[in-house]
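Coordinate analysis (summary)
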Amino acid sequence: MSIFEYNGSALVAMVGKNCFAIASDRRLGVQLQTIATDFQRIFKIHDKLFLGLSGLGSDAQTLHQRLVFRHKLYQLREERDMKPETFASLVSAILYEKRFGPYFCQPVIAGLGEDDKPFICTMDSIGAKELAKDFVVAGTASESLYGACESMFKPDMDHEELFETVSQALLSSVDRDCLSGWGGHVYVVTPTEVTERILKGRMD
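Right, let's walk through the structure included here. (Residues numbered from 1 in each chain as written. Predicted model: local features only at pLDDT ≥ 70, side-chain atom pairs only at ≥ 80, totals over all residues. Heavy atoms only, no water.)

1. Let's talk about the overall build of the chain
Operational definition: The helix and strand labels rest on DSSP assignments: H or I over at least four residues marks a helix, E over at least two residues marks a strand, and numbering proceeds from the N terminus. Only C-alpha atoms enter the radius of gyration, while the globule expectation follows 2.2 Å times N to the 0.38, with N the number of residues. Using a 1.4 Å probe on the protein chains alone, a residue whose accessible area is under 20% of its type maximum counts as buried, one over 50% counts as exposed, and one in between counts as partly exposed. Any pair of residues with heavy atoms lying within 4.5 Å of one another is described as a contacting pair. Where accessible areas are quoted, they stem from the Shrake-Rupley method and a 1.4 Å probe; at the residue level, only the protein chains shown are allowed to cover. Counted charges follow a simple rule, with Lys and Arg positive, Asp and Glu negative, and His plus the chain ends left uncounted. Note on charges: their place is set at NZ of Lys, CZ of Arg, CG of Asp or CD of Glu.
Broken down by element type, the chain carries four helices and twelve strands. A compact globule built from 204 residues would reach a C-alpha radius of gyration of about 17 Å, and the chain, at 16 Å, matches this within 12%. Each of the three principal axes of the chain carries a C-alpha extent, and together these read 45 × 40 × 25 Å. In the chain, which comprises 204 residues, the proportion classed as buried is 52%. Counting only contacts in the chain whose residues sit at least 6 apart along the sequence, the fraction spanning at least 24 positions is 62%. Of the roughly 9,900 Å² of accessible surface on the chain, 49% is carried by carbon and sulfur atoms. Positive and negative side-chain charges of the chain, numbering 22 and 28 respectively, have mean locations separated by a distance of 4 Å.

What follows is the structure, encoded as C-alpha cells:
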C-alpha cells in the first residue's frame, strides 16, 4: 500500500458561474481500520480561498500550519489577501523545496480571483501544478471521482446546482472506494457568502 493511501481520502473542487465548491470525505483510517469519522481535510485560508489536502493526515496538518504562517506573513507585509494564483505558486514552492523528503500530500486549491473568476488547481507531492477550468480531484477515490465528475459536470452552474452536483459526485465515488467515505464536507463559495454543509453518507 502506498503511503498516500495509508489514511484514505477523497477531494474534489468544481467551478460554477462566479462560484466554486470544494468537498472532501470525513474518514481518517489506518489502512482498513477507521480511526475517526470527522477528520478535516479542507482549510480556509481566507474568505475566498480554500485549501484541501489529501494524502497522509499528519503531513496535511503540518503543511496546513506552514501555509497559514506564510499567508499571515504575506498579509502583514502586503496588507491584503493572497490571490489564488499566488497561493498556488507558494504551495508549489514549499512542496518542491522538500522534494527529496516530500510531504505526502496532494493539495487542491480553490479560490475566487480578480472579477470573482473561479480558480482551481491541484498538484502532486513535489509541487507540479495542474490547472483546470471545470474540476480537479485528489485522493484514493480520485479514479471514481473523475468518472462521476465527467458525467455530472456542466458549465456555468449556479451555487445551488453546483452544491447538488459536487455532493452527488462525492457520495457516489466514495461508495466505490473502501479507504474513503463516512459522509462528506462541502464548502460552496460565492463572492458574497461561504456555505458549509455536512453530508451524511454510508457508514461502512
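Read on, since the account is not over.
2. Considerations on helix α1 (residues 57-78)
Every α-helical turn comprises 3.6 residues, leaving residues that sit three or four positions apart pointing alike. Filter applied, for reference: To estimate how far a helix should reach, multiply one less than its number of residues by 1.5 Å.
With 22 residues, α1 should reach 32 Å at 1.5 Å per residue; the first-to-last C-alpha distance of 31 Å fits that figure. Summarising the contacts, the buried residues of α1 are in contact with β5 (42-46), β6 (49-55), α2 (84-97) and β7 (105-112). The first or second residue beyond α1 is E79, which carries a positive phi of 55°.

3. Brief notes about the packing of α1 against α2
We count it as follows: Only the stretch in contact is used when a helix axis is fitted, and all axes are lines through C-alpha atoms; the angle between N-to-C directions ranges over 0 to 180 degrees. By definition in this entry, angles of less than 35 degrees are roughly parallel, angles greater than 145 are roughly antiparallel, angles of 65 to 115 are roughly perpendicular, and the rest are oblique. Note on convention: the crossing is left-handed when the near helix lies turned anticlockwise from the far helix by less than a right angle, right-handed when the turn is clockwise.
It is at 11 Å that the axes of α1 and α2 come closest, and there the two elements cross at 130°. When the axes of α1 and α2 are compared, the pair comes out oblique. Relative to α2, α1 is oriented so that their crossing is right-handed. Contacts between α1 and α2 pair L63, R66, L67 and R70 from the former with F87, L90, V91, I94, L95 and E97 from the latter.

4. Observations concerning the pairing of strand β10 (residues 135-139)
Rule in force here: DSSP-based pairing: two strands are paired if at least 2 bridges between them are found.
When you tally the buried positions in β10, you get five out of five residues, the bulk of the element. Covered by surrounding structure in β10 are F135, V137 and G139 together with V136 and A138, the residues of both alternating faces. Across five bridges, strand β1 (residues 10-15) lies against β10 in antiparallel orientation. Its bridge partner being in β10, M14 is matched across the sheet by F135.

5. A word on the pairing of strand β4 (residues 33-36)
Where strand β3 (residues 28-30) lies against β4, three bridges are found, and the strand directions are antiparallel. Considered in β4, the bridge of L28 is made with A36. What sits between β3 and β4 in their antiparallel hairpin is a turn of two residues, with Q31 showing a positive phi close to 55°.

6. Focus: the packing of aromatic side chains
To keep things clear, this is the line we draw: Pairing of aromatic rings covers Phe, Tyr and Trp, the last counted by its six-membered ring, and requires centre-to-centre distances within 6.5 Å; plane angles under 30 degrees mean stacked, over 60 mean edge-to-face, and any other angle means tilted. Two conditions define a charge sitting above a ring: the NZ of Lys or the CZ of Arg must be within 6 Å of the ring centre, and it must be within 35 degrees of the ring normal.
In this structure the tally under the stated criterion is four aromatic pairs. Both rings, one in F4 and one in F104, keep their centres 5.7 Å apart while their planes meet at 90°; by these two values the pair is edge-to-face. Highlighted residues: F4 in the segment before β1 and F104 in the loop between α2 and β7, separated in sequence by 100 residues. Judged by relative accessible area, which is 31%, F4 ranks as partly exposed. Through pairs of rings, three or more aromatic residues link up here, namely F20, F50 and Y187. Sitting over the face of the ring of Y96, R99 holds its NZ or CZ atom 4.3 Å from the ring centroid.

7. Things to note about a nonpolar patch on the surface
Stated precisely, the cut-off is as follows: Two distance rules govern patches: like charges are joined within 9 Å, and nonpolar side chains (Val, Leu, Ile, Met, Phe, Trp, Tyr) within 5 Å, applied only to residues with over 30% relative accessible area and no salt bridge. Any Lys or Arg side-chain nitrogen located within 4 Å of an Asp or Glu carboxyl oxygen qualifies as a salt bridge.
Taken together, the side chains of F69, L73 and L76 present a nonpolar region at the surface, about 340 Å² in accessible area. Here L76 lies in helix α1.

8. Considerations on the pattern of salt bridges
Opposite charge on two side chains permits pairing when their charged atoms draw close. Counting across every chain of the model gives nine salt bridges. Residue D116 pairs with K48 through a salt bridge whose shortest N-O separation is 3.1 Å. With D116 in the loop between β7 and β8 (118-123) and K48 in the loop between β5 and β6, this residue pair connects regions lying 68 residues apart in the sequence.

9. Comments concerning the sheet that holds β5
Spatially, the five strands line up as an open sheet ordered β5-β6-β7-β8-β9, and their pairing is antiparallel. Two strands bound the open sheet, and with one partner strand each, they are β5 and β9 (129-132). Between one strand axis and the next, the sheet turns through 20° on average, direction left out of account. As defined by bridge partners, β8 adjoins β9 across four bridges and the pair is classed as antiparallel. Of the residues in β9, the one forming a bridge with C121 is L131. Across the sheet, α1 lies against β5, β6 and β7, angled at about 155° from β6, the strand it touches most.

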